[in-house]
Every structure is written in C-alpha cells, then in structure tokens.
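# Residue-level structure breakdown
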Amino acid sequence: MPALSLLSLLALAAGVLSGVVGTGSSLILLPVLVVLYGPRVAVPVMAIASLFGNAGRVLAWWREIRWRPVLAYALTGVPCAALGAHTLLAVPPAAVDVSLAVFFLAMIPLRRLIRRSRFRVRLWHMAAAGALVGFLTGLVLSTGPLSVPVFTGYGMSGGAFLGSEAASALLLYAGKLATFGGAGALAPAVVARGLVIGTALLAGSLLAKRLVRRLRPRAFDLLIDAVLVTGAAGMLLPLR
C-alpha cells in the first residue's frame, strides 16, 4: 500500500505532464513499475492506467477531436496492437527492457527528422502510421512521442492534437488489453493496481488543461526528450 500510494502521487504528476505535451506518463511510470513488479506485470498495469490517462485528455478536449484521422489511425492500429501484445508475451523479460530503452532513445532524433522533412500527412498515411505505432504500442507500450509528429503532421495542434491523439491511443490500448485478458495476464491484483494508478493519471490529465496554452514549442520538445532519456535510463538500470 505505501508503494501504491507513492505511485499514485507520481501518476498524478505524470498525468499533468502528459496532459500538457500529449505524452510522457508511461515513460515516467513504466520504469518504476518494472522495478517494483517486473515487466510482465508492469506492462498490463500500465496499459490499464493508460486507458484512464487518455480518457482524461479525451474528456478535456472532446469538442475539438477530429474523428476521421482518429478512426483511420485506429483501424489498423488496434489489430496491430494486439499482435504486438502477443509478441511481448512470448519474448524474455530482459529483451523487453532493452527494447524499451533502445526505442525511447531512438525516438529523440527520429521525431526531429520527421518534423524537419515538413512531410504533409494524409488520411491514408494515418492508417499506415497506425499499423506501425499500434504494433510498437503492443510491444513496448509507450509510443506517444512517435505519434506526436504523425498527428501534428496532419495539421493538428493544441486541444485538437491532444484530444485526437488520446482518442486513438485509447482505442489501441483497448485492443492490447483485450489480448492480455485473453492470455490470462490480467489478474485481480494487476487490475486493481492499474485502476488506482489510472485514476490518478486521469485527474492529472484534467488538471493540465489550464497549462496547455502557456507552453512554448521549445519547452515542449525539451520535455519530451527529458522523459525519453529518463524512461530509457529506468529500463537499463535494473539490468546492471
């Protein structure tokens, strides 16, 4: 219980961060969960919690969500998230830690390359990106920083971006959780932890709405890079 209480406080702060920049909660919480429970428990717990965190952003920005790109993204993303979850359950835990760390670090230059190319994302690109990000979401859980340039490249910003990205993530995590449930990975203790942490994430996401329009683009980039480096370090430290 003391550990879960501390996790709830951390989740509240992580919810505020993700509510402002559109990502970051999983990158902050997942390393801590892995240390406490191991990756096989941490990933489904975080998947449940992420449903609540994204639901908070959907509620905050409901009127600004752009549903056509969300549905195009989720149409391929949901089945690919289920495929990624099946892959996750079949690989060794140490490989999960390393893949998480490498993926987090690789997204730092990748985000900049996509942004500098000034590539204009179309509706069919959303479907293609949904398949890739969906599989990675099922495998490594936190792909928010990779979905950021996809949705902003479609011309979204502010509340439209935050709400639409959250709505698509909500659908992807639902597909992933269905896979975990079918594989028997959602024990009562896992569900209880996910609900407690998720409630704190949801509250943080709602609290963040007032901060969104005060954030400068440079601060946005630095926050994302910081949570990526933190998340990668958290994945590698237990392997030492």
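First things first, this report covers the structure right here in the doc. (Residues numbered from 1 in each chain as written. Predicted model: local features only at pLDDT ≥ 70, side-chain atom pairs only at ≥ 80, totals over all residues. Heavy atoms only, no water.)

### Quick notes on the overall build of the chain
Along the backbone of the chain there are 10 helices and zero strands. For the chain, the α and β elements follow one another from N to C terminus as α-α-α-α-α-α-α-α-α-α. Sorting the 240 residues of the chain into buried and exposed places 53% on the buried side. Relative to all contacts within the chain whose residues are 6 or more apart in sequence, the contacts with residues 24 or more apart total 87%. Just so you have it, the chain exposes about 10600 Å², and 70% of that area is on carbon and sulfur atoms. (Helix = DSSP H or I, 4+ residues; strand = E, 2+ residues; numbered from the N terminus. Buried < 20%, exposed > 50% of the residue type's maximum accessible area, 1.4 Å probe, protein only. Contact = heavy atoms within 4.5 Å. Areas by Shrake-Rupley, 256 points an atom, 1.4 Å probe, with all protein chains shown as cover.)

### Observations regarding the packing of helix α2 (residues 25-37) against helix α3 (residues 39-60)
Packing of α2 against α3 leaves a shortest axis separation of 8 Å and a crossing angle of 145 degrees. In this structure, α2 meets α3 at a crossing whose hand is right-handed. Across from Ser25, Ser26, Leu29, Leu30, Leu33, Val34 and Tyr37 in α2, the residues of α3 making contact are Pro39, Val41, Ala42, Val43, Val45, Met46 and Ser50. Looking at the contact of α2 with α3, its residues break down into 11 nonpolar, three polar and no charged. (Axes fitted to C-alpha atoms, helices over the stretch in contact; angles between N-to-C directions. Left-handed = near helix turned anticlockwise from the far one by under 90°. Nonpolar A, V, L, I, M, F, W, Y, C, P; charged D, E, K, R; others polar.)

### Some thoughts on α2
For α2, with 13 residues, the first-to-last C-alpha span of 18 Å sits near the 18 Å given by 1.5 Å per residue. Among all positions of α2, only Ser25, Ser26, Leu27, Leu29, Leu30, Pro31, Leu33 and Val34 are buried. Gly38, located one to two residues past α2, shows a positive phi value of around 85 degrees. (Expected span 1.5 Å × (residues − 1).)

### Thoughts on a nonpolar patch on the surface
A contiguous nonpolar surface patch, about 410 Å² in accessible area, is contributed by Trp62, Trp67, Leu71 and Leu171. Summarising the element assignment, Leu171 is placed in helix α8 (residues 158-182). Judged by relative accessible area, which is 34%, Leu171 ranks as partly exposed. (Patch = residues over 30% accessible without salt bridge, like charges linked within 9 Å, V, L, I, M, F, W, Y side chains within 5 Å. Salt bridge = Lys/Arg side-chain N within 4 Å of Asp/Glu carboxyl O.)

### Focus on the packing of aromatic side chains
Using the criterion set out here, one finds two aromatic pairs in the structure. Both rings, one in Trp62 and one in Trp67, keep their centres 5.4 Å apart while their planes meet at 65 degrees; by these two values the pair is edge-to-face. The class for Trp67 is partly exposed, based on a relative accessible area of 35%. Here Arg193 stacks its cationic end above the ring of Tyr37, 4.1 Å away from the centre of that ring. Seen from the ring of Trp61, Lys209 lies directly overhead, with NZ or CZ sitting 5.1 Å from the centre. (Phe/Tyr/Trp six-rings, centres within 6.5 Å; stacked < 30°, edge-to-face > 60°. Lys NZ or Arg CZ within 6 Å of the ring centre and 35° of its normal.)

### Considerations on the pattern of salt bridges
According to the stated counting rule, one finds one salt bridge in the structure shown. For the salt bridge of Arg57 with Glu165, the shortest nitrogen-to-oxygen distance reads 3.0 Å. Residue Arg57 is found in helix α3, and its partner Glu165 is found in helix α8; the two are separated by 108 residues along the sequence. This pair shows no difference in class: Arg57 is buried, exactly as Glu165 is.

### Focus on the packing of α3 against α8
Two elements in contact, α3 and α8, have axes separated by 8 Å at closest approach and are oriented at 150 degrees. In terms of axis orientation, α3 runs roughly antiparallel to α8. When you trace α3 past α8, the crossing you get is left-handed. Contacts between α3 and α8 pair Val43, Pro44, Ala47, Ile48, Ser50, Leu51, Asn54, Ala55, Arg57 and Val58 from the former with Leu162, Gly163, Glu165, Ala166, Ala167, Ala169, Leu170, Tyr173, Ala174, Lys176, Leu177 and Phe180 from the latter. Taken together, the residues of the contact of α3 with α8 break down into 16 nonpolar, three polar and three charged. (Parallel < 35°, antiparallel > 145°, perpendicular 65-115°, else oblique.)

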